[in-house]
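A structural walkthrough
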Amino acid sequence: MTPSAPSPLSATPRPRTGPRRVVRATITTLALGLALTGCSSAVAEKGTADVGSEPQEGGTLRLGITTDLLPTSVFSNASDGTNTLIGLVYDTLIDYGPESLEPQPSLATSWEQSEDGRSLTLQLRDDVTFHSGREFTSKDVEFSIKNTFADPAWAVQLQRTAAAITEFDTSKPNEITLTSEQPLSNIFDLLDMVPIVDEESFAGLKDGSEYVGTGAFTFEDWQPGASMSFARNEDYWDGAPNLDGVEVSVITDANAEVSQLRAGQLDAIVGGSFRDLRSLEKSGDFDVQPYEGAENQYYVGSNVEHPVLKDVKVRQAIAFAVDRQRIADDVLQGIGYPTVLPWPEYSPAYDEGVNATYDRDVAEAEKLVSGVGKIDPIPLQYQASNPNSEAIAQIVQANLEEIGVPTELRPTEHAEFIAQLIGAEFEGLWITNHSYAQYNPSTLVVSAYPFNAEKNASRFSDADYTKNANASWTLADPTSGDAGEVYDALNKDLLDNVFLTELAITYQVVTTSTAVQDVAWSKRSELDLTDAYLAE
């Protein structure tokens, strides 16, 4: 069923931090249509009009986002505001490159892992300071891991992995050894995500008043529901960024956000419907850049304690009924592709053969629900501020109506939706997108809210799934032959039980005027403006 993934790239992303790249993103910038169709166009030429321009210093980039910063979920990757803040203000120890799980240096310059996978020693940069001027040392790494991801109060998705680190050797200021009681196949995933925070200002981070990191921009101000502002870090260890600053506007109406970009009131936006982004691209005045390597997957979640959804045959019927290709074509506008498995095609857990398990088959879906009896409408929730989720929900509703499974659409405000996701409080079905499948497979099944075998949004519990998830987590080598057998078992668990029905793989997207150059992003979908500049 699933075709080979199109390459929707319009730019070459780079690790969030690390030595400045020689190859600039704009050198390979292509308009989205060119990347998807493989043919030249006037749009593509317009989008690359500034190729070859020299980076220019100065100016403030005006960025629009649709979902505000959530201080209580600042480490959860749960909003545009959170991702923008983390990406601009904080650094991590390592970075992954696009479509790669090979760690690259950032605040850590090198590392050595023990043969049993239980110990990892990292060498740290000795020229890094926090925005306060305080020197960065190994004790900051220990503080950051213990007080962010490892602290259950933050409800972070990699909490189990962070908490599994039981010893921190910080006897040397520029070296740290992390030790765990078991091998952690996703230890580098954790180090790619944990922001290095400042202990002295941590109380301000908790209440949303102060954010102090080592990143390229300093936090200046946050007006809840309205705006955030950031300034250039003149002392950034990788060289001060080109921009003087970044002004972020929170615009919850995605249509208004697009209109402001089109009118020149903004330089860039994160979000918007894919149909609107296509329209912007066709104008020739904007570049649409999917975050390649930081895939997101749209899915239908099922509360398996619901009177109807507890029957696995109904969940399998849903998986057969949904029209993934229509969603990819009509809603995602080609910025993504249908999938049954959660993994992108470069994941070691991806299996093309089993990815066809739930090819659309309406007759089979009807057969599966034929013996269930009368079904009352099942609540189907989606995020009210997301036009893509709304369009997908309407398609899924029609697909399920076709097989005799009625649903009731329930748009839900962003903050409430996230709280219900984390708290496993959805009544019936829901539609949203998840991340983390772009990392090592264990990160998804032991960490992500929808998949965590210990506690997940579906309230699904199964001894075999838990056993296989933990087996993937404790692999000394997540790419070994033994790992393949574990991933096969996990795929069987996911497809047999379908407590989540995957729909399509897509990407976060940043859309900029053609004056904005060298925008990048992290594997965790955090915007990186370290090298960005405004061309005249």
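Look up: the structure comes first, before these words.
About the cut-offs
- Residues numbered from 1 in each chain as written.
- Predicted model: local features only at pLDDT ≥ 70, side-chain atom pairs only at ≥ 80, totals over all residues.
- Heavy atoms only, no water.
- Helix = DSSP H or I, 4+ residues; strand = E, 2+ residues; numbered from the N terminus.
- Buried < 20%, exposed > 50% of the residue type's maximum accessible area, 1.4 Å probe, protein only.
- Contact = heavy atoms within 4.5 Å.
- Areas by Shrake-Rupley, 256 points an atom, 1.4 Å probe, with all protein chains shown as cover.
- Pairing = 2+ DSSP bridges.
- Axes fitted to C-alpha atoms, helices over the stretch in contact; angles between N-to-C directions.
- Left-handed = near helix turned anticlockwise from the far one by under 90°.
- Core = buried A, V, L, I, M, F, W, Y, C linked by side-chain atoms within 4.5 Å.
- Salt bridge = Lys/Arg side-chain N within 4 Å of Asp/Glu carboxyl O.
- Phe/Tyr/Trp six-rings, centres within 6.5 Å; stacked < 30°, edge-to-face > 60°.
- Parallel < 35°, antiparallel > 145°, perpendicular 65-115°, else oblique.
- Nonpolar A, V, L, I, M, F, W, Y, C, P; charged D, E, K, R; others polar.
- Polar contact = N/O pair within 3.5 Å; in protein donor to acceptor, adjacent residues only side chain to side chain.
- Arc of directions from axis to C-beta.

1. Some words on the overall build of the protein
Check the secondary structure of the protein and you find 17 helices and 21 strands. By the burial criterion, 61% of the 536 residues in the protein qualify as buried. Put simply, 72% of the contacts in the protein that link residues at least 6 apart link residues at least 24 apart. As displayed, the protein has an accessible area near 18900 Å², and 46% of this comes from carbon and sulfur atoms.

2. Some points on the sheet that holds strand β6 (residues 165-172)
The strand order across the open sheet built from four strands is β4-β5-β7-β6, with neighbouring strands paired in antiparallel fashion. Every interior strand has two partners, whereas the edge strands, β4 (108-113) and β6, have only one. Shown here is a sheet whose adjacent strand axes are inclined to one another by a mean of 20 degrees, direction ignored. Two elements, strand β5 (residues 119-124) and strand β7 (residues 175-180), share five bridges in a ladder whose sense is antiparallel.

3. Focus on the packing of helix α16 (residues 463-473) against helix α17 (residues 481-497)
Running from N to C, α16 and α17 point in directions that differ by 145 degrees, and their axes come no closer than 9 Å. In this structure, the crossing between α16 and α17 has a hand that is left-handed. Contacts between α16 and α17 involve D464, Y465, N468, A469, A471 and S472 from the first element and V486, Y487, A489, L490, D493 and L494 from the second.

4. A look at the nonpolar core
Residues L93, F230, V246, V396 and L529 are the most contacted members of the largest nonpolar core, which totals 159 residues. Discounting residues that sit within four places of it in the chain, V246 has contacts with T60, L61, L63, L88, F217, M228, S229, F230 and L529.

5. Focus on the pattern of salt bridges
Applying the stated rule across the entire model yields 20 salt bridges. A salt bridge links R125 to D127; the shortest N-O distance between them is 2.9 Å. E281 is the salt-bridge partner of R278, the closest N and O atoms lying 3.2 Å from each other. In this pair, R278 and E281 are both assigned in helix α9 (residues 274-283), three residues apart and thus about one turn of the helix distant. Taken as a pair, R278 and E281 share a single burial class, namely buried. The network of salt bridges with common partners includes R134, D140, D198 and E200.

6. Here's the deal with the packing of aromatic side chains
The final tally for this structure, using the stated rule, is 18 aromatic pairs. Taking 5.0 Å as the distance between ring centres and 55 degrees as the angle between the ring planes, the aromatic pair formed by F417 and F426 counts as tilted. Note on accessibility: F417 and F426 belong to one class, buried.

7. What about the packing of helix α10 (residues 312-321) against helix α12 (residues 362-369)?
Packing of α10 against α12 brings their axes to within 8 Å, and their N-to-C directions diverge by 165 degrees. Here α10 is positioned roughly antiparallel relative to α12, judged by the angle of their axes. Considering only the axes of α10 and α12, their crossing is left-handed. Residues K313, V314, Q316, A317, F320 and A321 of α10 touch α12, and the partners they reach there are E364, A365, L368 and V369. Residue classes in the contact of α10 with α12 are distributed as seven nonpolar, one polar and two charged.

8. Digging into the side chain of R232
Here R232 is to be found in strand β9 (residues 227-232). Polar side-chain contacts of R232 include one of 3.2 Å to the side chain of E234. At 3.3 Å, the side chain of R232 and the backbone oxygen of P241 are in polar contact. If we ignore the near neighbours within four places in the chain, the residues touching R232 are E57, G58, A216, F217, A240, P241, N242, L243, D244 and G245.

9. Quick notes on the environment of D518
Tracing the sequence through the fold places D518 in the loop between β18 (516-517) and β19 (520-521). Put simply, D518 and L529 are 11 residues apart on the chain and 7.5 Å apart in space, counted from C-alpha to C-alpha.

10. Some thoughts on the pairing of strand β12 (residues 286-302)
Taken across its 17 residues, β12 has 17 buried, putting it largely inside the fold. By the bridge criterion, 12 bridges tie β12 to strand β17 (residues 500-513) in an arrangement that is antiparallel. The residue of β17 that forms the bridge with G301 is L500. As defined by bridge partners, β12 adjoins strand β16 (residues 429-434) across six bridges and the pair is classed as antiparallel. Note that in β16 the partner of Q297 across the bridge is H434.

11. What about α12?
Within the sequence span of α12, burial applies to V362, A365, L368 and V369. Angularly, the buried residues of α12 cover 120 degrees about the axis, an arc narrow enough to put them on a single face. Facing away from the buried side of α12 by over 90 degrees, the exposed positions are A363 and K367. With a side-chain oxygen lying 3.4 Å from the backbone nitrogen of A363, the N-terminal cap of α12 falls on D361.

12. Looking at the environment of T66
Turning to its location among the elements, T66 is positioned in the loop between β1 (60-65) and α3 (80-89). Here T66 falls in the buried class, since its relative accessible area comes to 10%. Residues contacting T66, with those up to four places away along its chain left out, are D80, V250, I251, T252, A254, E257 and V270. Within polar-contact distance, the side chain of T66 engages the side chain of D80 at 3.0 Å.

13. A short note on the side chain of T161
With respect to the helices, strands and loops of the structure, T161 is situated in helix α5 (residues 159-163). Overall, T161 belongs to the buried group, its relative accessible area being 0%. Reaching out from T161, the side chain makes a polar contact with the side chain of N186 at a distance of 3.0 Å. For T161, the contacting residues outside a window of four places in its chain are L184, N186, L190, S447 and W473.

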